[in-house]
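# Structure at a glance
Chain residues, written in single-letter form:
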Amino acid sequence: MAQKKIKDNLEEASLIRIQKALAQQGVGSRRGIEKAILENRIEVNNSPAHLGQTVSSKDKIVFDGKLIRLSEDTLLPKILLYHKTDGEIVSKNDPKNRPSVFDHLPKLTKEKWVAIGRLDFNTSGLLIFTTHGALANRLMHPRYEIEREYSVRILGELTEIQMKQLKDGILLDDGKAALDSIIFEGGEGVNHWYKVTIREGRNREVRRLFEKLNFTVSRLIRVRFGEIRLPSHLKRGMHLELSQKHVKEVLREHNFDVTQFKIPQISNKRKPKKNYLS
């Protein structure tokens, strides 16, 4: 009798609300999952899911006709840094069959890589991937205003007044946008470089800000996302997985309880030589 009670308690402890479970799997944001539930797009054990429903790895969950498998153990997430090149898309499916950043990532068996934000086709630099959907959603959510840093090369040179305009804000088609900071970094001939920071991730936002002032952005490179910098030695098209120590630092920085994760056994025990966190 006592053993049955212990077993029941363990099973109850493994239950998790469906919105949280699917968000952790990288299926979508909690709000998006709630919307899908209300639209009857999610089934649990062949019945429509309902808000607040608890699930475990034993349940059969189908989202838009696709089977979603939950893991019994919440493993410490993986975080991967990738140096994107120009001419790659941040998507697994493309009607034009263009090269995808996902073609260069290490293959996973029981997990999947979730991109933390995007870079447009002609933008290069730092892309971050994780196996933890909730972390990806936290870093992408506009409410948290995660700072992005870019190196921008334009044709021409900004005046002090124009630099102030970019910081004060310019009206774009989808609302007002502004840079947090902009620093002139030199240049030769008609090309000039600027280091800029911004706390939004709207589509082509940096490019559109400069275009509003009639400047063409000829190079755009993301060098930092939040506290994570693009390693100087990471060549274009290459990737680097963060150590468990650095993963824990990122999780703590964004208020995740690290004790909830099971630490997987390390196959490569070499210590990281550098810290890529600011």
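See above for the structure.
Parameters at a glance
Residues numbered from 1 in each chain as written. Predicted model: local features only at pLDDT ≥ 70, side-chain atom pairs only at ≥ 80, totals over all residues. Heavy atoms only, no water. Core = buried A, V, L, I, M, F, W, Y, C linked by side-chain atoms within 4.5 Å. Buried < 20%, exposed > 50% of the residue type's maximum accessible area, 1.4 Å probe, protein only. Contact = heavy atoms within 4.5 Å. Helix = DSSP H or I, 4+ residues; strand = E, 2+ residues; numbered from the N terminus. Phe/Tyr/Trp six-rings, centres within 6.5 Å; stacked < 30°, edge-to-face > 60°. Lys NZ or Arg CZ within 6 Å of the ring centre and 35° of its normal. Patch = residues over 30% accessible without salt bridge, like charges linked within 9 Å, V, L, I, M, F, W, Y side chains within 5 Å. Areas by Shrake-Rupley, 256 points an atom, 1.4 Å probe, with all protein chains shown as cover. Salt bridge = Lys/Arg side-chain N within 4 Å of Asp/Glu carboxyl O. Lys, Arg positive; Asp, Glu negative; His and termini not counted. Charge placed at Lys NZ, Arg CZ, Asp CG, Glu CD. Pairing = 2+ DSSP bridges. Arc of directions from axis to C-beta.

### Looking at the nonpolar core
Core analysis: the biggest nonpolar cluster contains 32 residues, and F129, V152, L158, L166, I182, V196 and F210 have the highest contact counts within it. Dropping the residues within four chain positions of it, I182 is found in contact with L158, M163, L166, K167, Y194, K195, V196 and F210. Core analysis: the second largest hydrophobic core is formed by 25 residues, F225, I228, L251 and F261 among them.

### What to know about the environment of I263
By the secondary structure assignment, I263 is in the segment after α7 (244-253). Judged by its relative accessible area of 37%, I263 is partly exposed. Considered as a pair, I263 and P77 are 186 residues apart in the sequence and their alpha carbons are 9.0 Å apart. Contact partners of I263, with chain neighbours within four places excluded, come to L76, Q244 and K248.

### Looking at the packing of aromatic side chains
Tallied over the entire structure, the rule returns two aromatic pairs. Taken together, a centroid distance of 5.4 Å and an interplanar angle of 75° make the contact between F102 and F129 edge-to-face. Taken together, the positions of F102 in the loop between β7 (79-84) and β8 (114-116) and F129 in strand β9 (residues 124-130) put the pair 27 residues apart, joining distant regions of the chain. Among the residues examined, F129 registers a relative accessible area of 0% and is labelled buried. Relative to Y194, the ring of F184 lies with its centre 5.3 Å away and its plane at 55°, an arrangement referred to as tilted. Taken together, the positions of F184 in strand β13 (residues 181-188) and Y194 in strand β14 (residues 191-198) put the pair 10 residues apart, joining distant regions of the chain. Note that R98 overlies the ring of F121, its terminal NZ or CZ placed 5.0 Å from the centroid. Directly above the aromatic system of F256 lies the positively charged group of R138, at a separation of 4.8 Å from the ring centroid.

### A short note on a positive patch on the surface
Together, K66, K92, K107 and K112 make up a region of like positive charge exposed at the surface. Tracing the sequence through the fold places K107 in the loop between β7 and β8.

### Some points on the sheet that holds strand β2 (residues 42-44)
If you walk across this open sheet you meet the four strands as β3-β2-β5-β6, and the pairing is antiparallel. Each edge of the open sheet is held by one strand with a lone partner, namely β3 (47-48) and β6 (66-68). By the bridge criterion, three bridges tie β2 to strand β5 (residues 61-63) in an arrangement that is antiparallel. Opposite I42, over in β5, you have F63 as the bridge partner.

### What about the pairing of β9?
In terms of burial, β9 is a largely internal element, seven of the seven residues being buried. Of the strand pairs in this sheet, β7 and β9 are connected by six bridges, and their pairing is antiparallel. Residue pairing across strands places K84 opposite G125, the latter belonging to β9. Relative to β9, β8 runs antiparallel, the two sharing three bridges. The residue bridging V114 from the neighbouring strand is T130, located in β9. With two bridges connecting them, β9 and strand β15 (residues 217-225) associate as parallel partners.

### Some words on the pattern of salt bridges
As enumerated under the stated definition, the model contains 17 salt bridges in all. K78 is paired through a salt bridge with E111; the nearest N and O atoms lie 3.0 Å apart. Of this pair, K78 sits in the loop between β6 and β7 while E111 sits in the loop between β7 and β8, placing them 33 residues apart in sequence. Residue classification places K78 among the partly exposed residues on the basis of a relative accessible area of 25%. Notably, a salt bridge pairs E149 with R229, separated by 3.6 Å at the nearest N-O pair. Placement of E149 in strand β10 (residues 148-155) and of R229 in strand β16 (residues 228-229) is noted, with a sequence separation of 80 residues between them. Owing to a relative accessible area of 37%, R229 belongs among the partly exposed residues under this scheme.

### Side note on α7
Here α7 has its buried residues at H246, V247, V250 and L251. Mapping the buried residues of α7 onto a view down its axis gives an arc of 140°, with all of them on the same face. Projecting away from the buried face of α7 at angles above 90 degrees are the exposed residues K245, R252 and E253. In this fold, the buried residues of α7 make contact with β7, α4 (133-140) and β16. N255 sits one or two residues past α7 and shows a positive phi near 65°.

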